[in-house]
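Chain residues, written in single-letter form:
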Amino acid sequence: MSAQSKPTNRVGNVVRDALPASKRVDHLSSSRRAGHPWHRRPLWHFQRACRSTSVQCGCGPKLSCGPLHRQIEGTESMGFQTPQYRITDLLAWAESGVLQLPDFQREYRWEDSRIRDLLVTIVRGHPMGVLMVLQTGNGQVRFKPKPITGAPAAQIEPKYLLLDGQQRMTSMYQSLTGTGVVHTKDARGKSIDRRYFLDVEKALGDPGQQDEAVLSLPADGVLHENIGRDIKLDVSTRDKQLEQGIIPFSTLLGPSATAWLLAFTNQVPSKQSERIQIFTNFNNEVLSKVQAYEIPAIELDSSTTKEAVATVFEKVNTGGLPLNTFELLTATFAGDAQYFHEHGKDFRLGDDWMEVQKIIEHHPVLTDFAHIDYLQAVTLLASNARKAAFTGTGRPPAVTARRVDVLRIDLREFLTWAPKVRQALAWVANFYTSLNIVRSDDLPYRTQTVPLIVMRVLLGNQIDYHPVRERIDQWYWCGVFGELYGSTTETRFARDVEQTPGWANAASTGESIDAPITVREANLVESRLLSLRTRNSAAYKGIYALLMKREPKDWMLDQNINQKNYIDMQVDIHHIFPKLWCDQNHIDNAIRDSVVNKTPLAKSTNIFLRGDSPAKYIPRLEKKTNIDPDKLDEILRAHLIDPALLRTADFHGFFETRREALIGLVEEAMGKTVFRDVVHDAQDKPIGDEDATAFDTDDFGSEEFDEPDRDVAEGADEGAGGCRVGSLLP
């Protein structure tokens, strides 16, 4: 397989991206004139493009392509080349440990059908996807290596680490060497052991026959049928393999392949002359080509930084799972020579994370707290300390939580700040529960946990001083109702970490400090309440949390809705005017499902309300519980509901007054005025700039946690005649 004959999309994209802009334009233009779109150009084009950049370096020529160097984002540096590796060399490297995996690579997981397809590709001589390897020997980056799955424990340091192509390389190593037995899975996910064989005669046929020639068989070489009663094929011994002309793939690339074929010619004397011809043809057309099969690669040189490894891996590894920052740091920290010298063992980031999980297990509200959140909190603290310690001239280091900066954190910095982050995490959980946010599903923004952790570390116990805590609360609710933590959070992390602690502490010291950008930018428009209808919105969950913070009583059960009773009562947010009633009375779906028409209730209470009109379920509720009507009215007011409007089923009046009450609740939390923009259209429907028409309407009525209305038949007559919004039912 020549370097000039095989198109390789991913090599092309990486090399193209690595070229200077002027070079990319020139090559793109010439490519289009030549009729080669970028994604179809052959590897030689990119090799020529590499040489055309005239990069001067000490690497020298390597195989078929000169080296190319690139600087990414100022500090991400790499040089690379695009060699072709012989399959036999790759297998030998895996066996000896010259080629290993970095510790961040996940375990082998390819299924049987993909392994077989890979072997068909090799037999046909078709091109395979590009591998990506990293030269070792970089003093700044030391990833802990591990052998290719199935290979013996390495006795040497690797020369190359395989960054992309693990599944292919592992499949080749296991199926083409040793016993050839691969522990894999079938299409249903069931674990199986398979061994792969090649029908010598069929391998000489057309592509269809070559496909049939590759056999995936049980590890013992015996294929059964008829529910295991009959044997369809048996190649369990060498004699049976020779007799039927079926060679194990593990023999095909080994030193005994020729000996096996010679024995094949003599195994059946009556067919010797015919088999000699098959041997000759197979040796020339299949065996020699398989043994000379080459696989294109991207070889990153030893100057490549771990940030560049992450960037390139993420761009190239489109067919696999994306690179996980936590896994990459796990390998980096495990390879830290200083830590090993001081402690006699590698640092295991996974063990550290287990300490975080112990905290999460005690606080359900933290269930979704992720690896990256933990690492970003540590990075913010480490970078903040760097900036505080800066005494030089010029621009100080930035406070940051960018992924690329997370990857740069030194193990010593991590060990300094990680324990403080874990301690602060428990405080953040208590902060949430003090707001009666009990479940992770009800947390407006998981991402806001990160700056909260950092603020707790920076402020210490002072964060709980009354005036300081009031400002932290204000910052929190501004982030929620301003809906500011949904995207581009890394920049906001840094700004809030730098601006909020000092501003919050100033409430205690009396200093005059500008409010942080999150407080200044936060803004809620009144009509947004018309489009808040599911937990997909942080502001929706924020209003739910503010209602929960009031700890109102349940309508039927004499218990406050708070963190103590929340789980036992199976509390969730439910419709006040039930869906069934709203549908029967032609209430617009967006208005029906708005958070204005919802409140926290126990599951049993919501079931009791059914799909009835409030004018009907309120008397039923009073009769069932024997509660005094004035007492029930008091409970309804705690839910910010006007009892008179609910008792008369005045949906229009109810909706207007409760929207106003919820706005007041939000204004108090944010310390800012909500912009009023709601008007009514010709049908008396409330509308505004941020009503439901301004957002995706596909999920109207899709609130997954809402208990469905019951006993539809009982309430079917309420709304006969098509009562419009705002009408009064008897």
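All values derive from a computational prediction rather than experimental measurement.

Student: Tell me about the overall build of the chain, and name the residues and values.
Tutor: Within the chain one finds 31 helices and 18 strands. Considering the chain as a whole, with its 730 residues, one finds that 54% of them fall into the buried category. At a minimum sequence separation of 6, the contacts of the chain that also span at least 24 residues come to 72%. In the form shown here, the chain has an accessible surface area of approximately 31,900 Å², with 48% of it arising from carbon and sulfur atoms.

Student: Could you give an account of the pairing of strand β14 (residues 294–300), naming the residues involved and the relevant values?
Tutor: β14 sits mainly inside the fold: seven of its seven residues count as buried. Burial along β14 is two-sided: Glu294, Pro296, Ile298 and Leu300 and Ile295, Ala297 and Glu299, pointing in opposite directions, are all buried. For strand β3 (residues 84–86) and β14, the ladder comprises three bridges, and the chain directions are antiparallel. Within β14, the residue paired with arginine 86 across the bridge is glutamate 294. For strand β5 (residues 131–135) and β14, the ladder comprises four bridges, and the chain directions are parallel. The residue bridging leucine 131 from the neighbouring strand is alanine 297, located in β14.

Student: Give a description of the packing of aromatic side chains that names residues and reports values.
Tutor: In the structure shown here, the tally under the stated rule is 28 aromatic pairs. Ring geometry for phenylalanine 333 against phenylalanine 414: centres 5.3 Å apart, planes inclined by 50°, an arrangement best described as tilted. In this pair, phenylalanine 333 sits in helix α13 (residues 325–334) while phenylalanine 414 sits in helix α18 (residues 411–434), placing the two residues 81 residues apart along the sequence. In terms of burial, phenylalanine 333 and phenylalanine 414 fall into one category: buried. Ring centres of phenylalanine 651 and phenylalanine 654 lie 6.0 Å apart, and the angle between their planes is 55°; this geometry places the pair in the tilted category. Residue phenylalanine 651 and its partner phenylalanine 654 are both found in helix α31 (residues 651–670); the two are separated by three residues, about one turn of the helix. On the basis of relative accessibility, which here comes to 1%, the residue phenylalanine 651 falls in the buried class. Through a chain of ring-to-ring contacts, the aromatic side chains of Phe326, Phe333, Tyr339, Phe347, Trp353, Phe369, Tyr374 and Phe414 assemble into a single cluster.

Student: Any details on the nonpolar core? Residues and values, ideally.
Tutor: With 133 residues, the main nonpolar core has Phe414, Tyr476 and Trp555 as its most contacted residues. The element best represented in this core is α18, accounting for twelve residues. If you look at the next biggest cluster of nonpolar residues, it comprises 52 residues, including Leu162, Met172, Ala203 and Val214.

Student: Would you mind going over helix α20 (residues 466–481) in detail, with residue names and values included?
Tutor: Under the 1.5 Å per step criterion, the end-to-end length of α20 is 22 Å for 16 residues, consistent within 8% with the ideal 22 Å. Within α20, twelve of the 16 residues are buried, which leaves it mostly tucked inside the rest of the structure. Among all positions of α20, only Val468, Arg469, Ile472, Asp473, Gln474, Trp475, Tyr476, Trp477, Cys478, Gly479, Val480 and Phe481 are buried. Elements in contact with the buried residues of α20: α18, α19 (449–459), α21 (489–509), α22 (517–521), α23 (538–549) and α31. Directly beyond the C-terminal end of α20, a positive phi value near 50° is found at glutamate 483.

Student: Can you tell me about the confidence of the model for the chain, naming the residues and giving the values?
Tutor: Confidence along the chain averages 83 in pLDDT terms, with 81% of residues attaining 70 or more. Across the chain, the secondary-structure element scoring lowest on mean pLDDT is helix α2 (residues 21–33), at 34, and the one scoring highest is α19, at 98. Scored below 50 in pLDDT, residues 697–730 shows 81 contacts in the model against residues more than four places distant or in partner chains.

Student: Could you give an account of the pairing of strand β8 (residues 181–185), naming the residues involved and the relevant values?
Tutor: Burial along β8 is one-sided: the residues Val182 and Thr184 are buried and none of Val181, His183 and Lys185 is. The sheet contact formed by β8 and strand β9 (residues 191–199) spans five bridges and is antiparallel. Counterpart to valine 181 in the pairing with β9 is arginine 195.

How each quantity is defined
Residues numbered from 1 in each chain as written. Predicted model: local features only at pLDDT ≥ 70, side-chain atom pairs only at ≥ 80, totals over all residues. Heavy atoms only, no water. Helix = DSSP H or I, 4+ residues; strand = E, 2+ residues; numbered from the N terminus. Buried < 20%, exposed > 50% of the residue type's maximum accessible area, 1.4 Å probe, protein only. Contact = heavy atoms within 4.5 Å. Areas by Shrake-Rupley, 256 points an atom, 1.4 Å probe, with all protein chains shown as cover. Pairing = 2+ DSSP bridges. Phe/Tyr/Trp six-rings, centres within 6.5 Å; stacked < 30°, edge-to-face > 60°. Core = buried A, V, L, I, M, F, W, Y, C linked by side-chain atoms within 4.5 Å. Expected span 1.5 Å × (residues − 1). pLDDT = per-residue confidence, 0-100.

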